[in-house]
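The primary structure of each chain is shown beneath.
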Number of protein chains: 2
Amino acid sequence: MSKSKKSFRPKARVPRGLRDQSGAQLQAERWMLDTIAGVYARYGFELLDTPAFEYADALGKFLPDQDRPNEGVFSFQDDDEQWLSMRYDLTAPLARYVAENYDSLPKPFRRYQWGPVWRNEKPGPGRFRQFIQIDADSVGAPGMAADAEMIAMMADCMDALGIARGDYVVRINNRKILDGILETDAEISPTDPASEEKWLTAMRALDKHDRFGWEGVEKLLGEGRKDESGDYTKGAGLSRENIDNVRTSLSAAFTVSGAPSSPSAQPSGQLSKYVPGDIDKLVDRLGRSTIGLQGLSELEEIAACLAALGIGSDQVVFDPYVVRGLGYYTGPVFEVELTFEAENEQGEMARFGSVGSGGRYDGLVEMFKGVEVPATGCSFGVSRLMAALEALGKTQTDEGQSPVVVLVMDKERIADYLVMVKELRDSGICAEMYMGGSGMRAQMKYADKRRAPLVVIEGEDERAVAQVTLKDLILGEQLSNEISDNEEWRSGAQAQVSVPRAGLVEGVRNMLIRIDGRQG
Amino acid sequence: MSKSKKSFRPKARVPRGLRDQSGAQLQAERWMLDTIAGVYARYGFELLDTPAFEYADALGKFLPDQDRPNEGVFSFQDDDEQWLSMRYDLTAPLARYVAENYDSLPKPFRRYQWGPVWRNEKPGPGRFRQFIQIDADSVGAPGMAADAEMIAMMADCMDALGIARGDYVVRINNRKILDGILETDAEISPTDPASEEKWLTAMRALDKHDRFGWEGVEKLLGEGRKDESGDYTKGAGLSRENIDNVRTSLSAAFTVSGAPSSPSAQPSGQLSKYVPGDIDKLVDRLGRSTIGLQGLSELEEIAACLAALGIGSDQVVFDPYVVRGLGYYTGPVFEVELTFEAENEQGEMARFGSVGSGGRYDGLVEMFKGVEVPATGCSFGVSRLMAALEALGKTQTDEGQSPVVVLVMDKERIADYLVMVKELRDSGICAEMYMGGSGMRAQMKYADKRRAPLVVIEGEDERAVAQVTLKDLILGEQLSNEISDNEEWRSGAQAQVSVPRAGLVEGVRNMLIRIDGRQG
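Residues numbered from 1 in each chain as written. Chains lettered and ligands numbered in written order. Predicted model: local features only at pLDDT ≥ 70, side-chain atom pairs only at ≥ 80, totals over all residues. Heavy atoms only, no water.

Just give me the short version of the overall build of chain A, but keep the residues and values in it.
Counting its secondary structure elements, chain A contains 18 helices and 19 strands. Relative to its 520 residues, chain A shows a buried fraction of 55%. Surface summary for chain A: the accessible area is close to 22200 Å², and the carbon and sulfur share equals 47%. (Helix = DSSP H or I, 4+ residues; strand = E, 2+ residues; numbered from the N terminus. Buried < 20%, exposed > 50% of the residue type's maximum accessible area, 1.4 Å probe, protein only. Areas by Shrake-Rupley, 256 points an atom, 1.4 Å probe, with all protein chains shown as cover.)

Encoded structure:
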C-alpha cells in the first residue's frame, strides 16, 4: 500500500468471479448467439441495445431511500450524486426503455437483445459475476398467443442449435393454477393479507421441487427443512391435510415422480396433448377457484396456439412445479430443460437442467407508467447453453479459421513473404506472416499454438528453384511428435509438398481441402 | 426523496451521457463490426473477450494508494475492498491478459476484440460515456512489418466498408522523428530532465495541428494561446528561432497547409511513395539526431512492407503532425482520416476527420511483466465510423428485415393466423401475427411503424372463398397518405392482391420480390 510510484507493479489478474474468453470456445458462443438471434429475428423481433448501467431506482429492485443500493448488483455514485447500477438482467432496462419511449414505439413492442449482465454475488465454480443473456419480449401484448409464441420460439431455438428432440423439453405452467391450488387446498392467497406471507413461502417451497423432490417440498410446505449443512429453512406451516390436498391436485395432471402418466383418455381441446396426466381431474379439483380456472383456461389458449404452430408433445409439457424465482411473473411461466445427462460440477452424471426461461409480467412497465402494460418474454443463459452444446459435441463456428502461417526464413526478405500473405488473403484464405523476432523453432511452435493447418516456407533452396514448400502441420503432428532440429524437421517429407511460387494460392488451397477432407 | 415506498414511481430515463440504440441503425452498426472483424480474422487475428471491469491498479492510469481512483473512469469498491474500474479502452485489459497468461499464449499473440468501453467524462452532443471500440493488436512483435500490417489492415477495412479510395487516408508518422526534430531544432528531449516538461508541452502543441493549424501550433510552441472563450493555454516557451527551425523541418517532407507538394525527384527506397514532400530534405535536417534517423529508418521499413502489401499512395500518407494523445506510444503512430466533407455538430460542412488510430507501445505490458514486450495495434471508434457511413449512404444490414404482419381479423381464429405465420417462417420469411389487443386501425398503424413491407388479411369474405388478401404497404403509402376508415382502406385496390390461401407463401414471396425490385 505504501510502495513508491516507481517500484509499484500491479499483479496481472482477472478480477474475482470474472473470466476471459478466447479462441474457438468464444467463436462457438458467438455462433450460438447468432443462431438464436436469427430465430428471434425471423419471428419479427427487432434488435435493441441499452447501456450497461441504469439509474439504480430504475432497476426495480431498489428504493431510492436506501443508503447504498448495492445488494446483488454493482452500484456506484455518479458525480451528480445519483446512484447508477449495472444491469443484472435485460428485462428491467427494457421496462425503462419502453416507459421512456412509450408514445413513439410500435405497440406491441417486440424486441430482442443480447449482452452481458452483472451480478454482485459470491462467485463459485461455473458461477460468474458477468454473463451473457439473450432475450426476446413482446410488450403490450395481452393475449396468450404472445406467450405461446415465446414457448414455440424457445423450442425452435433448441432445434436451430441442433439439440435433438427428446434432449430438451419446454416445461410450461401458469402461476394462476398454483394460486388456485393453494387457495382451494390450503386456503391461502396472495391477495389475502392474513395469508400473504404463507403463500409466498409455499410458492418458494414448490419452486424447490427440481432440487429437493416432493419430500423436500413437503417439509417446506409444513414445519420446515434442515439441509445437509444443518441450515434450517422455516416452512409455510400448512397442516398435514392441506399438504396432502395440494399434492393430490399437483399429481392430478402431472405425476410427482416427473415421469408422465398415460395421456388423458378424454381430450380437452388441445391442452391434453401437452399434459402428461389427467387434465380433467385438475379441472375438478380447481372447481371452486376462479383464479385457478382462469389459469387453466389461459393454458388451454396457449395449447391451441402451440398446436397451430406445429409444436409437438415431445417439445412442450405442462409441469405444475414450474414457478420461476423472479417476483414479477403474473401468469404463464416456462423453462427449457435439457433432459440428457452430463457430468455436473461434482463430477456426477445428472440431468443438465434449465438453460432458459420466461413468462408473463404484466406489472413491470407499470412501475414507471402507472398503467398496466401486459408483457411476456423469454431469456437464455448463454454460458449454461454453451456448456450443454459442448457436452453434446454440437458446438460450431462460422469463422475464426486458423491462419496459414508464412515463415520468415530470411529477415531481409520480409517484403516477399508479405506479398505471399497478400495473395492468400486476396483469395479469401486467412493468412499471416510470422511477426515475432525468433528463429525457426519458435516459429514452428507458434504455428502449432495457433493450430495453423499449414506453414509456407521459402528459404534459399526453394527460392533458387522458384518454389515454395507447404508443410501440413496436422499430418506432420501425426507422423512425428518429436522434432529435434531444423534439419530433421525439414526432412519430414511425407507431410510436405513443393509447389511453384507462382502456384502458391492453388497449392495452399489444395492442401487445405485435403486437410478438411481428412478431418471429415 | 422522502416519498413513501408505495407512492414512489421512478422516472424512466436513460442515464446521463448514455443512449439506447435500436432497429436499422443498430443492425447497420453490427454489420460494420462484422465486416471489420472479418478483415481482422482474415489477417490471422483471434477473437478475445475480457470482462467489463478490471482491478483499478491494472488499468494503468491509476495508483493503488489514491483514495478514490475515479478520474476519467467509473470505479467502485468490491466487497473485499478492492477497487474495480470499468475498462476505458481495450488495450489496458489486453496488457493485463497477456501478462497473466504469458507462458501459455502463442508469441506473438495476435488478438482482436470489440465491445463497449466506458469513460466517466462530461457528456456532450455525440459524446457518450459508453461507446464501442474494435481493436486488433500484435503483442510480442518487434518488427516494423507488424506496424505496416496494422496500417494496411486499417486501409483494408475502409475498402471493405465500401469507403472509396480518396475518401479516406491513413496518416502515418513516427514519434521518434518528432523527437529528432525537437532535439535538433529546439534542443529539447524527453530523456533530458531539464527539458522533459517543455518536450511534453511541445508534443501536445503539435498534436493540435488538425484543430488549430500552424498558427495555433506556433503559439503553443511559443508563449501560449488564448482560445475564443478566453481560456489561456501556456505554451512550451520555445524561441522564435527554434520555432522557425521546427517549422522548416516539418515542412520539409510535408507542406504545412496539408496539401501535398510535388513528389521527391530522387526516390529513397519505397518511402518517397508515401511522402508528399522531399524526404531527403528531412533526412538532411535530422542529420545530427540518432533518434530522428532511427524513426526515419523505421518508416522506410514500414513503407517497404506497405508497398509489398499493395497499399497505394492514395491510401497512406506520411504526416509529421500525427502525434496521438495517448501516453503509451513509443514509435510508429497512425490514424485513419475521412477526407470528405460532411455536416458537423455545428451544422457546418467540414472534413469528417479521424475514425481510427493506432501505434506501437513497447512499454505497456512491461508495467506488469517487468520486461519489455514489443506491441502494436489499431482501434476504430465505432460510432464515429457509423456516422461516416451514414453520411456516405453506405450503411448496410445483413439481417433485421422488417416482418410481414398477419392481421387478426377475428380473435376466435388466432390459431389459423398462427398457421400462416408458421408457413411463412418455415419458408425463411420474417413474419409475425399482430399481438396487440386493438382493432384494425391500430393494427395498420403497428404495421406502418414496424415498416412491414406487407400485411396478410384473411377476413370473413376472404375465408368464404379460400383466399387471402396481401396488401403492399410501401406502394399503399405512395398511393394514399390518408386513410379515413376501414372500408376506404380496404378498397385501396391497386396496392393489394388476392391469392388462394394455399398459395400464401408464393404470393407473399412474389410481392416481396416486387417491392425489392421497386426499391432497387
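After presenting the structure, the write-up continues.
Can you explain the interface of chain A and chain B? Please cite residues and give values.
Taken together, the contacts link 106 residues of chain A with 106 residues of chain B. Summed over both partners, the interface of chain A with chain B buries about 9100 Å², with 58% contributed by carbon and sulfur atoms. Ranking the residues of chain A by area buried against chain B places Arg 13, Arg 425 and Met 435 of chain A at the top, with a combined share of 8%. Our count for the contact surface shared by chain A and chain B stands at 20 salt bridges. Put simply, Arg 16 of chain B and Asp 78 of chain A hold a salt bridge, and the shortest N to O gap is 3.2 Å. The tally of links from chain A across to chain B stands at 42 residue pairs in polar contact (both at pLDDT 80 or more). Top contributing element to the side of chain A that touches chain B by residue count: helix 1 (residues 23–42) of chain A, with eight residues. By residue class, the composition of the side of chain A that touches chain B is 55 nonpolar, 19 polar and 32 charged. Taken together, the two bridges between strand 1 (residues 21–22) of chain A and strand 2 (residues 46–49) of chain B define a ladder with antiparallel strand orientation. (Contact = heavy atoms within 4.5 Å. Buried area = accessible area lost by both parts, 1.4 Å probe. Salt bridge = Lys/Arg side-chain N within 4 Å of Asp/Glu carboxyl O. Polar contact = N/O pair within 3.5 Å; in protein donor to acceptor, adjacent residues only side chain to side chain. Nonpolar A, V, L, I, M, F, W, Y, C, P; charged D, E, K, R; others polar. Pairing = 2+ DSSP bridges.)

Which residues make up the pattern of salt bridges, and what are the values?
Enumeration over the complete set of coordinates arrives at 70 salt bridges over all chains. Where Arg 171 of chain A meets Glu 337 of chain A, a salt bridge forms, and the shortest distance between an N and an O atom there is 2.5 Å. Of this pair, Arg 171 of chain A sits in strand 8 (residues 168–174) while Glu 337 of chain A sits in strand 12 (residues 332–343), and the two are 166 residues apart along the sequence. The two residues Arg 171 of chain A and Glu 337 of chain A agree in class, both being buried. Each of Glu 46, Arg 110 and Glu 149 of chain A together with Arg 425, Glu 432 and Arg 450 of chain B takes part in salt bridges that share partners, so that together they form one network.

I'd love a proper account of the sheet that holds strand 5 (residues 83–86) of chain A, names of residues and values included.
Backbone-to-backbone hydrogen bonds pair the strands of a sheet. The strands run either parallel or antiparallel. All names here are of chain A. Strands sit in the order 3-5-4 across an open sheet of three strands; the sheet is antiparallel. Sheet topology places strand 3 (53–55) and strand 4 (75–77) at the edges, where each strand pairs with a single neighbour. Across the sheet, the mean angle from the axis of one strand to that of its neighbour is 30°, orientation sign disregarded. Summarising the sheet, strand 3 and strand 5 pair through three bridges and their orientation is antiparallel. Paired with Tyr 55 across the bridge in strand 5 is Leu 84. (Axes fitted to C-alpha atoms, helices over the stretch in contact; angles between N-to-C directions.)

Please set out the nonpolar core residue by residue, giving values where relevant.
Of all hydrophobic cores here, the largest spans 259 residues; its most connected members are Tyr 40 of chain A together with Tyr 40 of chain B. Beyond its immediate chain neighbours, meaning those up to four positions away, Tyr 40 of chain B contacts Phe 45, Tyr 112, Ile 134, Asp 135, Ala 136, Met 153, Cys 157, Cys 378 and Phe 380 of chain B. (Core = buried A, V, L, I, M, F, W, Y, C linked by side-chain atoms within 4.5 Å.)

How would you sum up the packing of helix 3 (residues 144–160) of chain A against helix 10 (residues 290–308) of chain A? Please name residues and give values.
Residues and elements named next belong to chain A. Orientation of helix 3 relative to helix 10, taken along the N-to-C sense of each, is 55°, at an axis distance of 8 Å. Classified by the angle between their axes, helix 3 and helix 10 sit oblique to one another. Judged by the twist between their axes, the crossing of helix 3 over helix 10 is right-handed. Across the interface between the two elements, Met 144, Ala 145, Asp 147, Ala 148, Ile 151 and Ala 152 from helix 3 touch Glu 298, Glu 301, Ile 302, Cys 305 and Leu 306 from helix 10. Grouping the constituent residues of the contact of helix 3 with helix 10 by class yields eight nonpolar, no polar and three charged. (Parallel < 35°, antiparallel > 145°, perpendicular 65-115°, else oblique. Left-handed = near helix turned anticlockwise from the far one by under 90°.)

Explain the pairing of strand 17 (residues 454–457) of chain B residue by residue, including any values.
Residue and element names in this part refer to chain B. Burial along strand 17 is two-sided: Leu 454 and Val 456 and Val 455 and Ile 457, pointing in opposite directions, are all buried. Pairing of strand 15 (residues 404–406) with strand 17 involves two bridges; the strand directions are parallel. Paired with Val 406 across the strands is Val 456, a residue of strand 17. Looking at chain direction, strand 17 and strand 18 (residues 467–472) are connected through four bridges and run antiparallel. For Leu 454, the partnering residue across the bridge sits in strand 18 and is Asp 472.

Explain the confidence of the model for chain A to me, using residue names and the numbers behind them.
Close reading of the predicted structure is inappropriate where its pLDDT is low. Residue and element names in this part refer to chain A. Within chain A, residue pLDDT values average 87, and 89% of them lie at 70 or more. Note that pLDDT drops below 50 for residues 62–69; the model gives that stretch 18 contacts with residues more than four away or on any other chain. Taken over the whole predicted complex, pTM reads 0.89, whereas the ipTM for its chain interfaces reads 0.88. (pLDDT = per-residue confidence, 0-100.)

Can you explain helix 3 (residues 144–160) of chain B? Please cite residues and give values.
Residue and element names in this part refer to chain B. An ideal rise of 1.5 Å per residue puts 24 Å on 17 residues; helix 3 measures up with 24 Å between its terminal C-alpha atoms. Most of helix 3 is tucked away, with 14 of its 17 residues classed as buried. Among the residues trailing helix 3, Gly 162 stands out with phi positive, at a value near 85°. (Expected span 1.5 Å × (residues − 1).)

I'd love a proper account of the sheet that holds strand 15 (residues 404–406) of chain A, names of residues and values included.
All names here are of chain A. Taken in spatial order, the five strands of this open sheet run 16-15-17-18-19, and their pairing is mixed. Two strands lie at the open edges of the sheet, namely strand 16 (431–433) and strand 19 (496–500), each paired on one side alone. Adjacent strand axes in the sheet meet at a mean angle of 25° when their direction is disregarded. Docked against the sheet, helix 18 (residues 504–518) engages strand 15, strand 17 (454–457), strand 18 (467–472) and strand 19, running at close to 15° with respect to strand 18.

So what's going on with the relation of the copies chain A and chain B? Residues and values would help.
Rotating chain A by 180° and moving it 0.0 Å along the rotation axis overlays it on chain B with an RMSD of 0.1 Å. Both copies are brought into coincidence by an operation consistent with a two-fold rotation axis. Rotation axis and chain A: the residue whose C-alpha lies nearest the axis is Phe 76 of chain A, separated from it by 2.8 Å. Taken together, the interface assignments show that 100% of the residues at the interface of chain A recur at the interface of chain B, consistent with an identical surface on both copies. (Least-squares fit on C-alpha atoms with pLDDT ≥ 70 in both.)

Please give an account of the domain arrangement of chain A that cites residues and values.
The assigned domain composition of chain A is domain 1 (25–392) and domain 2 (401–519). Placing the centre of domain 1 of chain A and that of domain 2 of chain A at their C-alpha centroids yields a distance of 53 Å. (Domains from an automatic or database assignment.)

Let's hear about the packing of aromatic side chains: which residues, and what values?
The tally for this structure, following the rule as stated, stands at 16 aromatic pairs over all chains. The interplanar angle of 80° and the centroid separation of 5.3 Å between the aromatic rings of Phe 53 of chain A and Phe 76 of chain A together place this pair among those described as edge-to-face. Of this pair, Phe 53 of chain A sits in strand 3 while Phe 76 of chain A sits in strand 4, and the two are 23 residues apart along the sequence. Taken individually, Phe 53 of chain A and Phe 76 of chain A each receive the classification buried, so the pair is uniform in this respect. Three or more aromatic residues joined by ring pairs form one cluster here, namely Phe 53, Phe 74 and Phe 76 of chain A together with Phe 53, Phe 74 and Phe 76 of chain B. Sitting over the ring of Phe 45 of chain A, Arg 110 of chain A keeps its end group 4.2 Å from the ring centre. (Phe/Tyr/Trp six-rings, centres within 6.5 Å; stacked < 30°, edge-to-face > 60°. Lys NZ or Arg CZ within 6 Å of the ring centre and 35° of its normal.)

An account of the environment of Asp 79 of chain B is requested, with residue identities and associated values reported.
Among the structural elements, Asp 79 of chain B can be located in the loop between strand 4 (75–77) and strand 5 (83–86). Overall, the relative accessible area of 57% leaves Asp 79 of chain B in the exposed class. Excluding its chain neighbours within four sequence positions, the residues that come into contact with Asp 79 of chain B are Arg 16 and Asn 120 of chain A. Engagement of the side chain of Asp 79 of chain B in a polar contact is seen with the side chain of Arg 16 of chain A, the distance being 2.6 Å.

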